[in-house]
Amino acid sequence: MTVGGRRSRALWAGTISSVGGVSFLVNVPHLFVEEGVVAYVFGVLLPLGLAVGLVALGYHVYRSDINTDLLPVVAVWTFAGVVGMGAVSATALVYQFAEGGVVVHAGYFVSNLLTTGGIAGGLIGRYDGRQRQQRRETELARQHYRTLLNSSPDAIFVARAENGIIVDINRSAETLLNRPADEILGMQQVDLHPAEQRDQYRHVFETHVTAGEGIVTELPDGSDVQVVTADGDRVPVGINATTFEHRDTTLVLGIFRDISERRRREAELQNRTEQLELLNRVIRHDIRNDMAVITGWTDVLSNHVDDEGEAIVDRLQGAGQHVIELTNVAREYVEIITGSATADVRAVSLGSVIQDVLTARREEYPDVEFRLDEDIDVDVKANEMLSSVFRNLLNNAVQHSDSDTPRVEISVDDNETVVVRVADNGPGIPDDQKETVFGKGEKGLDSPGTGIGLYLVKTLVTEFGGEVWIEDNEPRGAVVNVRLRRAGNGETHSMPAGSPD
């Protein structure tokens, strides 16, 4: 509270107490004139007690939680009580004088009545001030509630739990249903949904919504939860609801989120997935089969050409093998993005995978020196796609090499986790590209690759719960580090499926 607020409270509370203080001072002389117990109690102690009570009322008002701007209301009621009792005492005195009667100690009599009126008025004022403040707080809470309700982008419906009658909505609910509020209020909750499925909606309302069991997007038969607009359109929604108590009534607060866009994206994704799966079948069967025929015929052709022609056949065979390698990468990419290669992670023999991949790479790149520092005897958490990680890393190291004698070295650091280091003697990777090369479609300068090999590596290693990063090699080249989780002794061991080539 500010200094000004405290001063204002002190002023109005002091005004109330001052009435009691004046009454107290007026009654003090009575201490010395009254005789007898009855006269002393009713002529001295009672009036002084009333005066002290009015002073205490002023102090209580000062310390109360009544807002400062409502204290004048309490003060006005206090003075109204004083004025009212003043009028009563004046009427009584006039009547006594008119009848020839004599009022002993008329001043004390009037003072006590005024004090009593002040106390009565102060109590009424305190009650009135609290009631006004409560109404104000209730209205403020209602405004906050309405603001929160209408600020939600989702449609909100409040219904009685016992019968589903809708008692409140927000603006988004009007927009969702394309109906004004007065048409929606009073409807049953199930009337928001298609008529032929209302029994299912009643079941959802009773078993899921009123129990607050999370978001509901499907009916028991697997179809979408929908609402029907004023135009008859059906809009799929996700419903999240909870119950709460208000004035001894159980209400359900239901949040309806329009998921039309999500359903559209899901349908589009499903369509793309089906197209990619078709592409995967074409890549795996048609293109690879045709390339196998081509490379087979080039092998036959090599026996029927001279030295100059043999060089051309070698280039054709190299190009054919490169196309087959591209189909491998494309196939794996499709399997990753369609989810068909997301088998559960399990124990995989790291040494077997690397040896198989090395064998295939040595056959494909006979002029490249591949080194494996030591035998690898450790199982890691991965799946059948682990061979793709190292195949792409080795291919990447060879394809980017500018050395007369390309060299790729593989070493393993086996501790709490397993780190595989693939080091080459190529041109290396600049620091500002060590992260971006793992992006989808990223290709280095003059790269002969597809731009998705390292993206696949990053995606797969992340799926395995590991990480991958690049460092500089000494004296030149790059080192790709692949961190994998060790498999526990009790985990099921399996060999990765698929060809390493």
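So, how was this worked out
- Residues numbered from 1 in each chain as written.
- Predicted model: local features only at pLDDT ≥ 70, side-chain atom pairs only at ≥ 80, totals over all residues.
- Heavy atoms only, no water.
- Salt bridge = Lys/Arg side-chain N within 4 Å of Asp/Glu carboxyl O.
- Buried < 20%, exposed > 50% of the residue type's maximum accessible area, 1.4 Å probe, protein only.
- Phe/Tyr/Trp six-rings, centres within 6.5 Å; stacked < 30°, edge-to-face > 60°.
- Lys NZ or Arg CZ within 6 Å of the ring centre and 35° of its normal.
- Pairing = 2+ DSSP bridges.
- Helix = DSSP H or I, 4+ residues; strand = E, 2+ residues; numbered from the N terminus.
- Axes fitted to C-alpha atoms, helices over the stretch in contact; angles between N-to-C directions.
- Contact = heavy atoms within 4.5 Å.
- Parallel < 35°, antiparallel > 145°, perpendicular 65-115°, else oblique.
- Left-handed = near helix turned anticlockwise from the far one by under 90°.
- Nonpolar A, V, L, I, M, F, W, Y, C, P; charged D, E, K, R; others polar.
- Core = buried A, V, L, I, M, F, W, Y, C linked by side-chain atoms within 4.5 Å.

Moving on: the pattern of salt bridges. Throughout the structure, instances matching the rule amount to 24 salt bridges. Across the salt bridge formed by E409 and R407, the nearest N and O atoms sit 3.3 Å from each other. According to the relative accessible area criterion, E409 is partly exposed, its value standing at 27%. For R407, a relative accessible area of 28% puts it in the partly exposed group. Here the residues in one salt-bridge network are D224, R262, R263 and E266, joined through shared partners.

Counted according to the given criterion, the structure contains one aromatic pair. When the ring centre of F438 is taken as origin, the NZ or CZ atom of K458, which lies over that ring, is 5.7 Å away.

Once that is clear, we can look at the sheet that holds strand β4 (residues 234-246). Strand order in this open sheet of five strands is β2-β1-β5-β4-β3, and the pairing throughout is antiparallel. Both outer strands of the open sheet, β2 (166-169) and β3 (226-228), are each paired with one neighbouring strand and no more. Along the sheet, successive strands turn relative to each other by an average axial angle of 40°, direction set aside. Where strand β1 (residues 155-160) lies against strand β5 (residues 249-258), six bridges are found, and the strand directions are antiparallel. Each residue of the ladder has a partner; that of F157, found in β5, is G254.

With that out of the way, let us pick up the sheet that holds strand β12 (residues 478-485). Two modes of strand pairing occur in sheets, parallel and antiparallel, and in both the strands are linked by backbone hydrogen bonds. Read across the open sheet, the five strands follow the order β7-β9-β10-β12-β11; overall the sheet is mixed. The sheet terminates laterally at β7 (369-372) and β11 (467-472), the two strands that pair on one side only. Geometrically, the sheet is characterised by an average inter-axis angle of 20° between neighbouring strands, direction not taken into account. As paired elements, strand β9 (residues 407-414) and strand β10 (residues 417-424) share seven bridges and run antiparallel to each other. Note on β10: the bridge partner recorded for S411 is R421. Where helix α10 (residues 350-364) meets the sheet, its contacts fall on β7, β9, β10 and β12, and the angle it forms with β7 comes to roughly 165°.

Quick look at helix α12 (residues 453-463) now. What α12 keeps buried is the set G453, L454, Y455, L456, V457, L460 and V461. Just downstream of α12 lies G465, where phi reads positive at about 85°.

At their nearest, the axes of α10 and helix α11 (residues 386-399) sit 9 Å apart, and the two run at 40° to each other. With respect to their mutual orientation, α10 and α11 come out oblique. Seen along the crossing, α10 lies across α11 with a hand that is right-handed. In contact with L350, V353, I354, V357, L358 and R361 of α10, α11 contributes L386, S387, F390, R391, L394 and N395. Of the residues in the contact of α10 with α11, the class split is eight nonpolar, two polar and two charged.

With that out of the way, let us pick up the nonpolar core. Core analysis: the biggest nonpolar cluster contains 41 residues, and L350, L386, F390, L393 and V420 have the highest contact counts within it. Listed by contribution, the elements that provide at least two residues to this core are α10, β8 (379-382), α11, β9, β10, α12, β11 and β12. If one sorts the elements of this core by residue count, α11 sits on top with seven residues. Setting aside anything within four residues of it in sequence, one finds F390 in contact with L350, V353, I354, V357 and V420.

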